[in-house]
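Report on the structure
Residue strings, one per chain:
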Amino acid sequence: MGKVSYMKVKGSKNLRQRLLLSTLSSTPILIEEIRADATYPGLLPHEVSFLRLLETVSDDCHVEINETGTKLKYKPGIVMGGRYLEHDCGVSRSIGYFLEPLIVLGLFGKKPLSIKLKGITNDPKDPSVDTFRSTTLPLLKRFGVSSEGLELKILSRGVAPNGGGEVTLSVPIIHHSLKAVTWTDEGMVKRIRGISFSTRVSVQFENTMIHAARGIFNRLLPDVHIFTDHKAGAQAGNSPGYGISLVAETTSGCFLSVDTTISYARGNDDMDIDEKKELMPSEDVGEEIASLLLGEIEQGGVVDSTHQGLLFLLCALCPQDVSVVRVGKLVPYGIETLRNIRDFLGVKFVIKPEPATGTVMLKCVGSGLKNMSRKLC
């Protein structure tokens, strides 16, 4: 066997996305100086958990970490997929952190993926499982992913700090490649849908949030429905909390989403949980989330700011055909994604700001990535 040639990168930034692109492009990667100067150097618990998840869905992938955790060697294997898989995401980050890369990997697996993920379903840092269900999955369908076998079920909710949530994700494989898109018309908002949830607190929190959010939307749009999902018992996870996820659907079939969760957060040392702290009043939560959604709509573009990175990644994974998309103001995560796509897939985007609308048009020729794993069946 020949010597493995590793692509060298430094730092902990975008570690998850680099590992995803390394796997998709079959590029072994060496990451050095991971938080080398931090108080707690090296990989964090959720990053180690993500590496374990890659081992779960792949065959023959090789992970090597040095003693301090500041250096990581990763040699990707073949994405196998498979049914009845399970992974505990821990409570350092929410399930949303793991879902985005997992959904993309699942498309290029040898077999359709069906996996149960345990941990935190809703938190303020990562997109909630509701957002993935209402917005991320429809986004995949734009690129030719079959809706048959594409599903996210929420079995139980879990918020920080102790989690206790469970979801099952099913992703079909693509049989050849994704489909290039020309997607520049965001349309007009025709309806707003949403879901509020509460775990181990009174359902009144949900009613107040919904009432406050509707108070803002009803002045603008008649078709507003926000559903409640009050969990009790085993389905309510291990910590009290509440939150809301909203989606604006447009006349051209775009989905723009925002979400938020209120719960007791961990302190800086990961052991200190401040339960004496007052949680944000539910009325303020409702008004704030409604304003955030209006902000996303105002930005323009066919996806919200959270989904920019995924949109660019899917365009880059398309056949060697031109994709054109329009987004609002480029967010830092979107810009970092463009850089990583260039480094790993060799795909460069033509970026053209449109001052009249405040939006940005992006055009690229896809890398032509095919599902090679499937051919091995």
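So, how was this worked out
Residues numbered from 1 in each chain as written. Predicted model: local features only at pLDDT ≥ 70, side-chain atom pairs only at ≥ 80, totals over all residues. Heavy atoms only, no water. Helix = DSSP H or I, 4+ residues; strand = E, 2+ residues; numbered from the N terminus. Rg over C-alpha atoms; globule rule 2.2 N^0.38 Å. Buried < 20%, exposed > 50% of the residue type's maximum accessible area, 1.4 Å probe, protein only. Contact = heavy atoms within 4.5 Å. Pairing = 2+ DSSP bridges. Axes fitted to C-alpha atoms, helices over the stretch in contact; angles between N-to-C directions. Phe/Tyr/Trp six-rings, centres within 6.5 Å; stacked < 30°, edge-to-face > 60°. Salt bridge = Lys/Arg side-chain N within 4 Å of Asp/Glu carboxyl O. Disulfide = S-S within 2.5 Å. pLDDT = per-residue confidence, 0-100.

**Here's the deal with the overall build of the chain**
Assigned secondary structure in the chain consists of nine helices and 18 strands. Computed over C-alpha atoms, the radius of gyration of the chain comes to 21 Å, within 12% of the 21 Å expected from 2.2 N^0.38 for 377 residues, which places it in the range of a compact globule. The proportion of buried residues among the 377 residues of the chain is 53%. Intrachain contacts of the chain at a sequence separation of at least 6 include 73% that bridge at least 24 residues.

**Observations regarding the sheet that holds strand β2 (residues 29-32)**
A sheet is described by the order of its strands in space; here four strands give the open sequence β1-β2-β5-β4, paired in mixed fashion. The sheet terminates laterally at β1 (7-10) and β4 (62-65), the two strands that pair on one side only. The sheet shows a mean angle of 15° between the axes of neighbouring strands, taken without regard to direction. Both β2 and strand β5 (residues 72-75) contribute to a ladder of three bridges, which runs antiparallel. In the strand pairing of β5, I31 is matched with L72. Strands in contact with helix α1 (residues 15-24) are β1, β2 and β5; relative to β5, the strand with the most contacts, it is inclined by about 30°.

**What to know about the packing of aromatic side chains**
Taken as a whole and assessed by the stated rule, the structure comprises five aromatic pairs. Where F205 meets Y242, the ring centres are 4.5 Å apart and the plane angle is 25°; that geometry is what we call stacked. With F205 in helix α5 (residues 204-217) and Y242 in strand β14 (residues 241-250), this pair connects stretches of sequence that are 37 residues apart. Among the residues examined, F205 registers a relative accessible area of 29% and is labelled partly exposed. For Y242, a relative accessible area of 1% corresponds to the buried category. Measuring from centroid to centroid gives 5.8 Å for F312 and F349, while their planes differ by 55°, and the two rings are tilted.

**Some thoughts on the pattern of salt bridges**
Side-chain pairing between opposite charges can occur once the charged atoms of the two side chains come close. Overall, the coordinates contain 18 salt bridges when judged by the stated rule. The partner of E86 in a salt bridge is K118, and the shortest N-O contact between them spans 3.5 Å. Of this pair, E86 sits in strand β7 (residues 82-88) while K118 sits in strand β8 (residues 113-119), placing them 32 residues apart in sequence. Across the salt bridge formed by E166 and K116, the nearest N and O atoms sit 3.6 Å from each other. Pair noted here: E166 is in strand β10 (residues 165-171) and K116 is in strand β8, with a separation of 50 residues, a long-range link. Look at E166 and you get partly exposed, because its relative accessible area is 21%.

**Considerations on the environment of V189**
Relative to the elements of secondary structure, V189 occurs in strand β12 (residues 189-199). Beyond its immediate chain neighbours, meaning those up to four positions away, V189 contacts L221, A248, E249, T250 and I297.

**Overview of the state of the cysteines**
For the coordinates displayed, the defined rule picks out zero disulfides. Sulfur of C254: no disulfide; nearest cysteine sulfur belongs to C315 and is 13 Å away. Of all cysteine sulfurs, the one in C315 lies closest to C364, which takes part in no disulfide; the gap is 5.2 Å. A relative accessible area of 3% means that C364 is categorised as buried.

**As for the confidence of the model for the chain**
Within the chain, residue pLDDT values average 94, and 95% of them lie at 70 or more. For residues 267-274, every residue scores under 50 in pLDDT, and the model assigns this stretch eleven contacts once sequence neighbours within four places are set aside.

**Thoughts on the sheet that holds strand β16 (residues 322-327)**
The four strands are arranged β11-β16-β18-β17 in an open sheet whose pairing can be described as mixed. Strands with a single pairing partner mark the edges of an open sheet, and in this sheet they are β11 (182-183) and β17 (350-354). In terms of strand pairing, β16 meets strand β18 (residues 359-365) through six bridges, oriented antiparallel. Residue pairing in the sheet places R326 in a bridge with M361 of β18. Across the sheet, helix α7 (residues 308-316) is in contact with β11, β16 and β18; its angle to β16 comes to roughly 170°.

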